[in-house]
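Analysis of the macromolecular model
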Amino acid sequence: MAEPLLTAPLARLLGSVLVLYLVGMYALALFARGKIHDHEDFLVAGRRLPLSLAWATLLATWFGAGTLLTAADEVRAGGLQRAALDPLGAGLCLLIAGLFFAAPLWRMGLLTLADFFRREYGPGAELLSALIMVPSYFGWIAAQFTALASLLELFFGLDPRVGILLVAAVGMGYTWLGGMWSVTLTDAVQIVLVLVGLVVLAFVALGDLGGGSARAGLERLASETPAPLLEPIPRGSAVALVGWIGVLAVGALGNLPGQDLMQRIFAARSARVARAACLLAGGAYLTLGLVPVGLGLASRLLVPAEIERSILPALAHLFLSPWAAVVFTLAVVSAVLSTIDSAILSPASVLSQNVFERANRGRVSALTLNRAAVVVVTAASVVVAYLGESAYALLEDAYELPLAGLLAPLVLGIHGRRRPQAAAVAAMAVGLGLWLLHYAAGWETFLPPLLGPASAWLPAALSCAAASLTAFLVAAAAAPRAESSAG
């Protein structure tokens, strides 16, 4: 176990502030509980979110451990090319959602994305989409649990196994109380804290780098960082470029068929608000994401020695005053918790609405099922967190599964003519099966034993999505002939 990073007095100060912060979050959750009258209030806030809350909860959901912690560490290690997944890909995802998906999906009056597959294709497609969607969140939630537990170890010396349980209990608690209303209200507070913490750390760190001037710090960062690390896109290797595009596409497309994104679209009070919220959040995410990315690069000059800890908390410890360090730490905790509550609620919504409800037949209220699903999702994610892997790998894997299995039927269902259920089921089954094969075998390119050197040009997740699209089109073309022969 690592030694605590903070002195005992500062650890007590930070601990006291965190307790007060959590009391405030639970007070908001109890207030939100008063707005919950039925399962629609719990799942989509009664479809009443104004633009101010809709875009804030989107931004807070995205701005979690992936951006603040792991992306900064990745950029420190490998330069700007490592930002392809997060924040670049994730920010583009929000912009694409606003331009092409938000308005038509909002007009359908859905509660979950699996409802879309039921309405467009049938109950079989609904169930299969739910079975793909729900587990795909476990790794993402586990990444947040792991990241925040690592911070608790860093600052307080808390055993990470205990930290994971503590983080899970806190995030689950206020999500269970107030559902989407609780998530939205706490997100609005948390994203403000994130902005304050990032701005404080950026100005102090760049000022130290520039001898008291943040502008001089930026100039030094640009002039002293090795040129290859400043290249956002690979040069000189076509295979490396294809691999980079594959990672970017996972970030930009992988979460489009995600309940967390769609739940906020459905919760907006109008199609126009849903669209504007995605565009605002996407622009803000790409802008704010530059801060931890820049700090990751600056840390190479500020702290050139190898360190075992996450770089942003280490910078806060080295360069901020005790009070400023507490503010930054609170910002990091807020960012991760805002992702945790949203990530728990999203698969829980699908699990209750599209899986549990099928067997329930009115015996238990929908609201009770929703809250039970919150507990189930949290427990499953804790198990995944205990299984290990780095937070970044867990985050990346979480994006890939819906990309491989759900993107093709989602896009063709929204923007194409009505298709048979067999087409959607075939697309999901082929995408899911191929992705599981590649994940189990550890293949990062498409079917390397079969394709040999040519597979280097085919990123696995994108190729699985392409295979899913092909299966959809083939099954859709064959369905009329099959129906005709049966008749």
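Everything discussed here concerns the structure shown above.
Since we're looking at a predicted model, the values are computed, not measured.

Here we look at the side chain of His-438
- Structurally, His-438 is set in helix 19 (residues 421-441).
- A relative accessible area of 3% means that His-438 is categorised as buried.
- Here Leu-434 takes part through its backbone oxygen, which lies 2.7 Å from a polar atom of the side chain of His-438.
- Residue contacts for His-438: discarding those within four places in its chain leaves Trp-443, Thr-445, Phe-446, Leu-447, Ala-460 and Cys-464.

Considerations on the nonpolar core
- Core analysis: the largest hydrophobic core is formed by 157 residues, its most contacted members being Phe-116, Phe-145 and Leu-261.
- The greatest single-element share of this core, amounting to 19 residues, is contributed by helix 8 (residues 123-156).
- Leave out the neighbours within four places in its chain, and Leu-261 touches Leu-58, Trp-62, Cys-93, Leu-94, Ala-97, Asn-255, Leu-256 and Cys-278.

Points about unusual backbone geometry
- The omega angle of the peptide bond from Asp-86 to Pro-87 is 15°, so this bond is cis rather than trans.
- Here Pro-87 is to be found in helix 5 (residues 84-100).
- In this structure, Ala-45 takes a positive phi of about 55° despite not being glycine.
- In this fold, Ala-45 is placed in the loop between helix 2 (39-44) and helix 3 (51-62).
- The residue Arg-47 is not glycine, and still its phi comes out positive at about 55°.
- Tracing the chain through its elements places Arg-47 in the loop between helix 2 and helix 3.

So, the pattern of salt bridges
- Using the criterion set out here, one finds nine salt bridges in the structure.
- The salt bridge partner of Arg-48 is Asp-41, with a shortest N-O separation of 3.5 Å.
- Classification of Asp-41 by relative accessible area gives buried; the value is 6%.
- A salt bridge links Asp-159 to Arg-161, with the shortest nitrogen-to-oxygen separation between them at 2.8 Å.
- A cluster of three or more residues bridged by salt bridges with shared partners is formed by Asp-115, Arg-118, Glu-126 and Arg-358.

Definitions and limits used
Residues numbered from 1 in each chain as written. Predicted model: local features only at pLDDT ≥ 70, side-chain atom pairs only at ≥ 80, totals over all residues. Heavy atoms only, no water. Helix = DSSP H or I, 4+ residues; strand = E, 2+ residues; numbered from the N terminus. Buried < 20%, exposed > 50% of the residue type's maximum accessible area, 1.4 Å probe, protein only. Polar contact = N/O pair within 3.5 Å; in protein donor to acceptor, adjacent residues only side chain to side chain. Contact = heavy atoms within 4.5 Å. Core = buried A, V, L, I, M, F, W, Y, C linked by side-chain atoms within 4.5 Å. Salt bridge = Lys/Arg side-chain N within 4 Å of Asp/Glu carboxyl O.

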